[in-house]
Amino acid sequence: MRVLQISRSLEPTGGIARVAHHLAREFRRAGVAVENIGWYPRELPAETDLGARRAPPAIARVAGAARNRRLRVFLEVVLFSLWSGGAARRALREGDIILSHGDSFMGDVFVAHSCHRAAVEAKRAAGERRWMLYPLHWFVLFREALVFRRRRPHLIAISRGVADEFRRFHRYPDDRIHFIPNGVDRERFRPAADKIALRRELGLPEEKTLLLFVGHEFARKGLSIILEGMAGCAAAEGALLLVAGGDDPSPYVERARALGIAGRVLFLGARSDVHRLYAAADLFVFLSNYESCPLVGLEALASGLPVITTRVSGMEDFIRHGENGFFVERNEAAFTATLGRVIGDADLRARISAAARPSTEPYAWAKIAARTIETMERIGGMR
């Protein structure tokens, strides 16, 4: 069996791209031939062991020339979706399996990183309307309807919640759905051998309780509620919140100032060394209103951090309430109460922390890739 993997990027710091990167690497280690069809084939060193990479057409430069980021992303997604299917057809040989990560119209198996219909419904329920002005959403809704309502490829759902969303919004048959979660790089994300020394290297206070938030969409992931919870939690007066992510921090800087906690929040921007922040922190906080299977949750657990989070897809699969983390309602009162309890009880925090990393053993990328290979071989045998 040879796998043709379709993913716009294989860069290991992005979300979907990181999944494609690790699957390609583990496929190779397992002796499975893989060819990657991507928009950025030269972003990694040529010797990177991810299999062959097929270059994009010259038209890729058109999208790359767009100065507006939203326009550039829109052009990339549309053009890559149209081009990738033809590239896969040209590379296809008898017995090959096409594994798509979403930005394509063609594939034997699609890794469902989300259900866009469900994400849009979540925005509507939250009263958001600006998404309607961005044509990318309408294109992805069209592509999703065409692929999953008409063609019905096999589906790898990365969480049970995503599987349920496809059943609900696309009436997807159970025999075409395969549940395989995201994995985590347990070598990269691990507890620090010397947390104090690491904090010194990072310029972080050695004795404070460090809370960590990681994410690029601050509003959806509940940063405002986290700030309000910190302000209202007496036990958190000596804590410091680290915020890592590429979103615009200015509204949240102002909010922290208004709440009187500006000196207790550190906005770090997008970081390439986020694994060091996990290892330096004491607690991970994440109050999203919609997810499919957030990699940050697994990364935090693998780093030995207790997690305070909402009951969103993915988190519900690997967080065990009171064992390796805590579920809270998405409001200030619920978050404040749990935050105060965890910060104020060092023994509880130590017990939860000790259980966090072992709970990620089933999610090592080698195990996730083995499940994916087994599924693709089974699907290939059905044809």
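Remember, predicted model here, so these are calculated numbers, not experimental data. (Residues numbered from 1 in each chain as written. Predicted model: local features only at pLDDT ≥ 70, side-chain atom pairs only at ≥ 80, totals over all residues. Heavy atoms only, no water.)

Side note on the sheet that holds strand β12 (residues 307–309)
If you walk across this open sheet you meet the six strands as β10-β9-β8-β11-β12-β13, and the pairing is parallel. Since the sheet does not close on itself, it has two edges, and those belong to β10 (265–269) and β13 (325–327), each with one partner. Put simply, the sheet's adjacent strands are angled 20° from each other on average, direction ignored. Docked against the sheet, helix α8 (residues 223–232) engages β8 (209–214), β9 (239–244), β10 and β11 (283–286), running at close to 170° with respect to β9. (Pairing = 2+ DSSP bridges. Helix = DSSP H or I, 4+ residues; strand = E, 2+ residues; numbered from the N terminus. Axes fitted to C-alpha atoms, helices over the stretch in contact; angles between N-to-C directions. Contact = heavy atoms within 4.5 Å.)

Re the pattern of salt bridges
Under the counting rule described, the total for this entry stands at 25 salt bridges. With a closest N to O distance of 2.7 Å, E121 and R124 form a salt bridge. Highlighted residues: E121 and R124, both in helix α4 (residues 116–125), separated by three residues, approximately one helical turn. E121 sits in the partly exposed class, given a relative accessible area of 28%. Notably, a salt bridge pairs D273 with R271, separated by 2.8 Å at the nearest N-O pair. Through salt bridges with shared partners, a single ionic network connects R8, E76, D103 and R143. (Salt bridge = Lys/Arg side-chain N within 4 Å of Asp/Glu carboxyl O. Buried < 20%, exposed > 50% of the residue type's maximum accessible area, 1.4 Å probe, protein only.)

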